[in-house]
Amino acid sequence: MIPAPVEYVRASTLEQAFEALADPDAKLLAGGQSLLSVMKLRVVRPSLLVDIGRLGLGGVEARDGEIGIGALTTWDELARAPELRRPALVAIGECAAEIGDLQVRNRGTLGGSLAHADPASDFPAVVLALGARIVVRSPDGERTLEASEFFLGPFTTALGPQELIMEVVVPTPSTGSGSAYSKVEHPASGFALAGAAAVVRPDGSSAVAVTGVGDKPFLLPDDVDPAAAPAEAEIFGDRFASAEFRRHLAGVVVKRALERARTRAEEDR
Ligand SMILES: Cc1cc2nc3c(=O)[nH]c(=O)nc-3n(C[C@H](O)[C@H](O)[C@H](O)COP(=O)(O)OP(=O)(O)OC[C@H]3O[C@@H](n4cnc5c(N)ncnc54)[C@H](O)[C@@H]3O)c2cc1C
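An account of the accompanying structure is given in this report. (Residues numbered from 1 in each chain as written. Predicted model: local features only at pLDDT ≥ 70, side-chain atom pairs only at ≥ 80, totals over all residues. Heavy atoms only, no water.)

**Some details on the overall build of the protein chain**
Check the secondary structure of the protein chain and you find 8 helices and 14 strands. Taken against the 2.2 N^0.38 rule, which gives 18 Å for 269 residues, the C-alpha radius of gyration of the protein chain at 18 Å falls within 12% of a compact globule. For the protein chain, the exposed surface amounts to about 12700 Å²; the carbon and sulfur share of it is 50%. Here the protein chain contributes 27 positively and 37 negatively charged side chains, and the mean placements of these two sets differ by 5 Å. (Helix = DSSP H or I, 4+ residues; strand = E, 2+ residues; numbered from the N terminus. Rg over C-alpha atoms; globule rule 2.2 N^0.38 Å. Areas by Shrake-Rupley, 256 points an atom, 1.4 Å probe, with all protein chains shown as cover. Lys, Arg positive; Asp, Glu negative; His and termini not counted. Charge placed at Lys NZ, Arg CZ, Asp CG, Glu CD.)

**Section: the sheet that holds strand β14 (residues 218–219)**
Spatially, β11-β12-β13-β14 is the arrangement adopted by the 4 strands of the open sheet, whose pairing is antiparallel. Taken across any chain shown, the strands that pair with only one partner, and hence form the sheet edges, are β11 (178–185) and β14. Note: strand β13 (residues 206–211) against β14, 2 bridges, orientation antiparallel. Note on β14: the bridge partner recorded for Ala209 is Leu219. Packing against the sheet, helix α8 (residues 243–267) makes contact with β11, β12 (192–200) and β13, and its axis sits at approximately 155° to β11. (Pairing = 2+ DSSP bridges. Contact = heavy atoms within 4.5 Å. Axes fitted to C-alpha atoms, helices over the stretch in contact; angles between N-to-C directions.)

**As for the site of the ligand**
Of all residues adjacent to the ligand, which total 31 residues, the nearest are Leu28, Gln33, Leu35, Thr109 and Asp122. Gly32 is positioned such that a nitrogen or oxygen atom in its backbone is 2.7 Å from an oxygen atom of the ligand. Relative to its unbound accessible area of 980 Å², the ligand is 91% covered by the protein chains. Mapped by element, the contributors of at least two residues to the shell around the ligand are β2 (26–29), α6 (110–116) and β10 (164–171). Here the shell around the ligand gets 4 residues from one element, more than from any other, and that element is α6. Of the residues assigned to the shell around the ligand, the class counts are 14 nonpolar, 13 polar and 4 charged. (Near = heavy atom within 4 Å. Polar contact = N/O pair within 3.5 Å; in protein donor to acceptor, adjacent residues only side chain to side chain. Nonpolar A, V, L, I, M, F, W, Y, C, P; charged D, E, K, R; others polar.)

**Quick look at unusual backbone geometry**
The backbone of Arg42 sits at a positive phi, close to 60°, despite the residue not being glycine. Inspection of the secondary structure puts Arg42 in the loop between α2 (35–40) and β3 (48–51). With relative accessibility at 36%, the residue Arg42 sits in the partly exposed group. (Buried < 20%, exposed > 50% of the residue type's maximum accessible area, 1.4 Å probe, protein only.)

**Structural notes on the side chain of Thr109**
If you trace the backbone, Thr109 turns up in the loop between α5 (102–107) and α6. With relative accessibility at 6%, the residue Thr109 sits in the buried group. When near neighbours in sequence (up to four residues on either side) are disregarded, Thr109 contacts Ala30, Gly31, Ala71, Leu72, Thr73, Thr74 and Trp75.

**Regarding helix α1 (residues 14–21)**
Within the span of α1, buried status applies to Leu14, Ala17, Phe18, Ala20 and Leu21. For α1, the angular spread of the buried residues around the axis is 160°, confining them to a single face. Seen from the open side of α1, the exposed residues pointing more than 90 degrees away from its buried face are Glu15 and Glu19. In this structure, the buried residues of α1 make contact with β1 (7–10), β2, β3, β6 (133–138) and β10. (Arc of directions from axis to C-beta.)

**Topic: the sheet that holds β3**
Taken together, the 3 strands give an open sheet; going across it, the order is β1-β3-β2, and neighbouring strands pair in parallel fashion. Edge strands, defined here as strands with exactly one partner in the open sheet, are β1 and β2. Pairs of neighbouring strands in the sheet enclose a mean axial angle of 25°, with direction left out of account. Sheet topology places β2 next to β3; 4 bridges connect them, and they run parallel. Within β3, the residue paired with Leu28 across the bridge is Val50. Against the sheet, α1 contacts β1, β2 and β3, and its axis sits at roughly 165° relative to β3.

**Concerning the pairing of strand β4 (residues 60–63)**
Bridge count for β4 against strand β5 (residues 66–70) is 4 bridges, and the pairing is antiparallel. Bridged to Ala62 within β5 is Ile67. In sequence, β4 turns back onto β5 through a hairpin of 2 residues, with Gly65 there showing a positive phi of about 80°.

**Overview of the pairing of β12**
Of all the 9 residues making up β12, 9 are buried; the element is thus mostly covered by neighbouring parts of the structure. Of the pairings in the sheet, the one linking β11 to β12 comprises 8 bridges and is antiparallel in character. Residue Gly178 lies in a different strand from β12, and its bridge partner there is Val200. The hairpin formed by β11 and β12 contains 6 residues between the paired strands, and Gly190 there has a positive phi angle of roughly 90°. Examined bridge by bridge, β12 and β13 share 6 bridges and lie antiparallel to one another. Each bridged residue has a counterpart across the sheet, and for Ala198 the counterpart in β13 is Val208.

Written out as structure tokens, the structure is:
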């Protein structure tokens, strides 16, 4: 299908992007890997596309106690980033390397995926399990959201109308931690039928998040046996996989992610 006619502007500065976003029918364009699909289906019909590709918001930076990942960092860059090779952070690149195909990984960005909030997308589980923060900016200034308060429902986030994701900040886990991402993917698109990210800490405690099975990604509660927990969540079914099958897959990917994260934590001691 062909999208409806649309104006295009490339922002050279954040101020220009915000100015263009004053038009309520304007939409930010990052890698275009999700937006163009929904425009072709005419589910979304923006009057103006504001290309933020030249704002220099990409890259991974190791800082004191945290890792900053720019919103425009592509999946391919994440999969290759040397700063993310530690067992505690390796789930990031592991997840990114399994997203879509080569073209999607070369164009698609972390910020675009989080803002789009497709309930089948992979990376939300990783930011939840790692306890990441999402830094957003608007003409009114900057604010930081916990990943756990960012995803509100299918294709719905806590982002305001003129807010732009700037960066994802991941607290550097202590030595002796391990992480992993595991998914069972849709064979055509690569999206998660069920995906799980796990982080195991030096004291053996863990954080596990699941995506692809409900209307939004979710963290498993601390006090529940993680392997049994998907049974407690509300899980949906569709023509690709019934709710019962998805529930089963969720249990499988949680177990796999936890086992791999545990092994990696031991290797890091
Ligand atoms: C064939 C195919 C297979 C795919 N497979 C997978 C998969 O296996 N797993 C998976 O998770 N995803 C998959 N995707 C989606 C892919 O990961 C997209 O790259 C990602 O969802 C969106 O990133 P983008 O940079 O392309 O965003 P865009 O498409 O440019 O934008 C998406 C939305 O986010 C908004 N936006 C973009 N950047 C920002 C920002 N910095 N701040 C605020 N809002 C912003 C846009 O306005 C738009 O509403 C697939 C896509 C395709 C086409």
